[in-house]
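Read off the chains here:
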Amino acid sequence: MKELTRKRILVTGGAGFLGSHLCERLVTQCHDVLCVDNFYTGTKDNIAHLLDCPNFELMRHDVTFPLYVEVDEIYNLACPASPIHYQHDPVQTTKTSVHGAINMLGLAKRVKAKIFQASTSEVYGDALVHPQKEDYWGHVNPIGPRSCYDEGKRCAETLFMDYRRQHGLSIRIARIFNTYGPRMHPADGRVVSNFMMQALRGEPLTLYGDGSQTCSFFVDDMIDAFIRLMNTDEDPGGPVNLGNPHEVSMREMAERIVAITGSSSPLEFHPLPTDDPWHRQPDISRARELLGWQPHTLLDDGLEQTARYFRARIEASSEAVPANAPAAQRPALT
Ligand code: NAD
Ligand code: UDP
Ligand code: UDP
């Protein structure tokens, strides 16, 4: 069976949230996994449990520089994903998306490897069409604070398609919609990590706008989809949406997280950030047909697992500090 063939697989961004779950799954499947990361947002803690596995190798490397290794498959995940992180050094974000893609595509071309790109729903920008299908071209601001990420990822998609057309590369592009789960960075400013940390610390949950904007998903389903997409024999011919078509409003998300964590935190309303997309709802018909895939994890189950992870991290890092202590008195969770 094809899936059981042992392969040498490179995962860039492998020490990050999604990358570490992907490495874990591939190691479990007995592949030889090379994890490449510059630890910009990822940490060794995320992959510490894999370091002793003989079929796992870690390399500190920045994908904006060339990389010469011999592999059969490449999952290109390297790129900060949360708005706080990718806006911290926007030029580096674009370089990572664009130069990183060129280098990984050049590597794939040289060694004739199949290559997967972690793209994003942000290529649709503040979409004018709902739900978003892969043939929607998007509504993206090219010069705003989110543009380094959105346009970087759009350019990476262009490069993937051109390497396919021009050099005959076997490519896979996943347009990933919001994903949450254990090993999310607790300080990445994203909605689930923010709400979880706020609820567990008894702080108000910061809802942007009136909280009616929608999104959501979970990590187990997503890793399954990545591997199916990489392994499918049928060439998708272009990007494939991966996400949960079931929309949840951010207000409902906040209320569920308060209930699941047993918190008494109030909800607090803040202005919407610039260019914040209003609805994110994937049309996943292509993934359903091509991969026989759809998300299964129930929101409450995913949130329970995520809450356990964040609770353990808080307990490990700040045993003695009361939940209602001012932020300055708490140790940073990095
Ligand atoms: P993450 O920030 O946890 O992981 C990204 C990893 O890439 C980190 O380990 C980071 O250190 C590494 N990295 C960043 N720049 C690098 C560079 N120049 N060279 C080498 N390594 C570098 O983010 P994540 O949530 O795991 O996202 C993984 C990928 O999936 C990203 O490409 C992201 O754009 C994409 N994605 C994620 C989501 C989501 O909801 N999590 C949604 C859409 C797309
Ligand atoms: N590259 C790499 N590893 C390889 C082969 C190429 O990192 O094994 C990088 C190299 O920096 C190169 C880029 O990928 O500039 C694009 O390679 P390609 O062969 O497509 O184009 P080139 O610029 O070499 O003509
Ligand atoms: N959001 C929110 N409160 C927060 C963080 C985010 O209401 O503390 C909202 C935000 O307005 C957006 C949605 O949650 O509509 C998802 O934002 P996130 O930063 O998680 O992801 P991204 O913008 O990258 O999709």
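Not measured: the values here are computed from a predicted model. (Residues numbered from 1 in each chain as written. Chains lettered and ligands numbered in written order. Predicted model: local features only at pLDDT ≥ 70, side-chain atom pairs only at ≥ 80, totals over all residues. Heavy atoms only, no water.)

A. Representation of the sheet that holds strand β6 (residues 171–176). With parallel pairing, 7 strands are arranged side by side in an open sheet as β3-β2-β1-β4-β5-β6-β9. Each of the sheet's edge strands pairs with one partner strand only, and the pair in question is β3 (56–60) and β9 (240–242). Sheet twist, expressed as the mean angle between neighbouring strand axes with direction ignored, is 20°. In the packing of helix α4 (residues 147–167) onto the sheet, contacts are made with β5 (114–120) and β6, and the angle to β5 comes to roughly 155°. (Pairing = 2+ DSSP bridges. Helix = DSSP H or I, 4+ residues; strand = E, 2+ residues; numbered from the N terminus. Axes fitted to C-alpha atoms, helices over the stretch in contact; angles between N-to-C directions. Contact = heavy atoms within 4.5 Å.)

B. Summary view of the site of ligand 1. Near ligand 1 there are 30 residues, and of these Leu18, Asp37, Thr41, Tyr149 and Lys153 occur at the shortest range. Phe17 is positioned such that a nitrogen or oxygen atom in its backbone is 2.9 Å from an oxygen atom of ligand 1. Gly42 has a polar backbone atom sitting 3.0 Å from an oxygen atom of ligand 1. Across the complex, the protein chains shield 97% of the 820 Å² of accessible surface that ligand 1 would expose by itself. Elements represented by at least two residues in the shell around ligand 1 include exactly α1 (17–28), α3 (90–111), β5 and α4. Grouping the amino acids of the shell around ligand 1 by side-chain chemistry returns 14 nonpolar, 12 polar and 4 charged. (Near = heavy atom within 4 Å. Polar contact = N/O pair within 3.5 Å; in protein donor to acceptor, adjacent residues only side chain to side chain. Areas by Shrake-Rupley, 256 points an atom, 1.4 Å probe, with all protein chains shown as cover. Nonpolar A, V, L, I, M, F, W, Y, C, P; charged D, E, K, R; others polar.)

C. Geometry of the side chain of Asp283. Mapped onto the elements, Asp283 comes out in the loop between β11 (267–270) and α8 (285–291). The exposure class of Asp283 is buried, given its relative accessible area of 16%. Ignoring sequence-local partners within four residues, the contact set of Asp283 consists of Pro131, Gln132, Lys133, Glu134 and Asn241. (Buried < 20%, exposed > 50% of the residue type's maximum accessible area, 1.4 Å probe, protein only.)

D. Structural context of unusual backbone geometry. Here the amide bond leading from His130 into Pro131 is cis, since omega sits at -15°, within 30 degrees of zero. When you line up the elements, Pro131 lands in the loop between β5 and α4. For Phe39, which is not a glycine, the phi torsion comes out positive at approximately 60°. Along the chain, the position of Phe39 falls in the loop between β2 (32–37) and β3. Phe39 sits in the buried class, given a relative accessible area of 16%. You will see that Lys112, though not glycine, has its phi angle at about 55°, which is positive. You can call Lys112 exposed: its relative accessible area is 73%.

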